[in-house]
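Listed below are the residues making up each chain.
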Amino acid sequence: MAPLIALIGGFAVLRLLGLLAVDSLDAWQPAVRGALALMFVTTGIPHFIPSWRRDFAAMVPPALPRPDLLVTLTGVLELAGAAGLLVPPLAPYAAAGLALLMLAMFPANVYAARTGRTLAGKPVTPLPARTALQVLFVAAAVAAAV
């Protein structure tokens, strides 16, 4: 739920700042980019917290090698993408890359939901809700890329 809150709350706050005083945020696309950056910092940092790393590694389908390395790689890509979203010339490329990353990581979310995995001691989001969230997150990234 934290990624959804970061995306929607971040968008609302940044859009409001744009309407009130910050010229660089006075359009929907910069607000979406900033909100996505907040969302990916929120999801990227836990990749490096030991207890979360273990849970993320357990989500990697067994057919994929080196879950620990994949968790590190996805965390680095999420944080790099978040930074790229904040640099206007790089933002479209970062957003497109993050959309592709989310699509590539979705099988891990399916595997986690189907096998009853947990994150921080709580069950992962059920597959129908996770799928709807994934569609929203990818759509936001695509909107940020155009």
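Here is what the cut-offs are and how they apply
Residues numbered from 1 in each chain as written. Predicted model: local features only at pLDDT ≥ 70, side-chain atom pairs only at ≥ 80, totals over all residues. Heavy atoms only, no water. Helix = DSSP H or I, 4+ residues; strand = E, 2+ residues; numbered from the N terminus. Rg over C-alpha atoms; globule rule 2.2 N^0.38 Å. Phe/Tyr/Trp six-rings, centres within 6.5 Å; stacked < 30°, edge-to-face > 60°. Buried < 20%, exposed > 50% of the residue type's maximum accessible area, 1.4 Å probe, protein only. Contact = heavy atoms within 4.5 Å. Expected span 1.5 Å × (residues − 1). Arc of directions from axis to C-beta. Bend = angle between axes of the 7 residues up to and from the residue.

Side note on the overall build of the protein chain
Looking only at helices and strands, one finds six helices and two strands in the protein chain. When the elements of the protein chain are put in sequence order from the N terminus, they spell out α-α-α-α-α-β-β-α. Against the compact-globule benchmark of 15 Å for 146 residues, the protein chain has a radius of gyration of 15 Å, which places it among compact chains. Seen along its three principal axes, the alpha-carbon backbone of the protein chain occupies a region of about 50 × 25 × 25 Å.

Things to note about the packing of aromatic side chains
Scanning all chains against the criterion turns up one aromatic pair. An angle of 45° between the planes, with centres 6.0 Å apart, marks the rings of Trp52 and Phe56 as tilted. Of the two residues, Trp52 and Phe56 are both situated in helix α3 (residues 50-59); the distance of four residues between them amounts to about one turn of the helix.

Some points on the side chain of Thr43
Within the secondary structure, Thr43 is located in helix α2 (residues 28-44). Accessibility expressed as a relative area gives 18% for Thr43, which makes it buried. Those residues in contact with Thr43 that lie beyond four places of it in its chain are Pro3 and Glu78.

Concerning helix α6 (residues 127-145)
With 19 residues, α6 should cover 27 Å at 1.5 Å per step; its first-to-last C-alpha distance of 26 Å lies within 8% of that length. Those residues of α6 not exposed but buried are Arg130, Leu133, Gln134, Phe137, Val138, Ala140, Ala141 and Ala144. Each buried residue of α6 sits inside an arc of 155° when the element is viewed along its axis, so together they form one side. Along α6, the residues that are exposed and aim more than 90 degrees away from the buried face are Pro128 and Val135. Those residues of α6 hidden inside the fold are in contact with α1 (2-20), α2 and α5 (91-114).

Remarks on α5
With 24 residues, α5 ought to run about 34 Å at 1.5 Å a step, and its terminal C-alpha atoms sit 34 Å apart, in line with that. When the local axis directions of α5 are compared, the greatest deviation, roughly 35°, occurs at Met105, which is followed within four positions by the proline Pro107. Along α5, the residues classified as buried are Ala91, Ala94, Ala95, Leu98, Ala99, Leu101, Met102, Phe106, Ala108, Asn109 and Ala112. Taken together, the buried residues of α5 touch α2, α3, α4 (67-85) and α6. Once α5 ends, the next one or two residues include Gly116, with phi positive near 70°.

The values reported here are purely geometric and, on their own, carry no functional implication.
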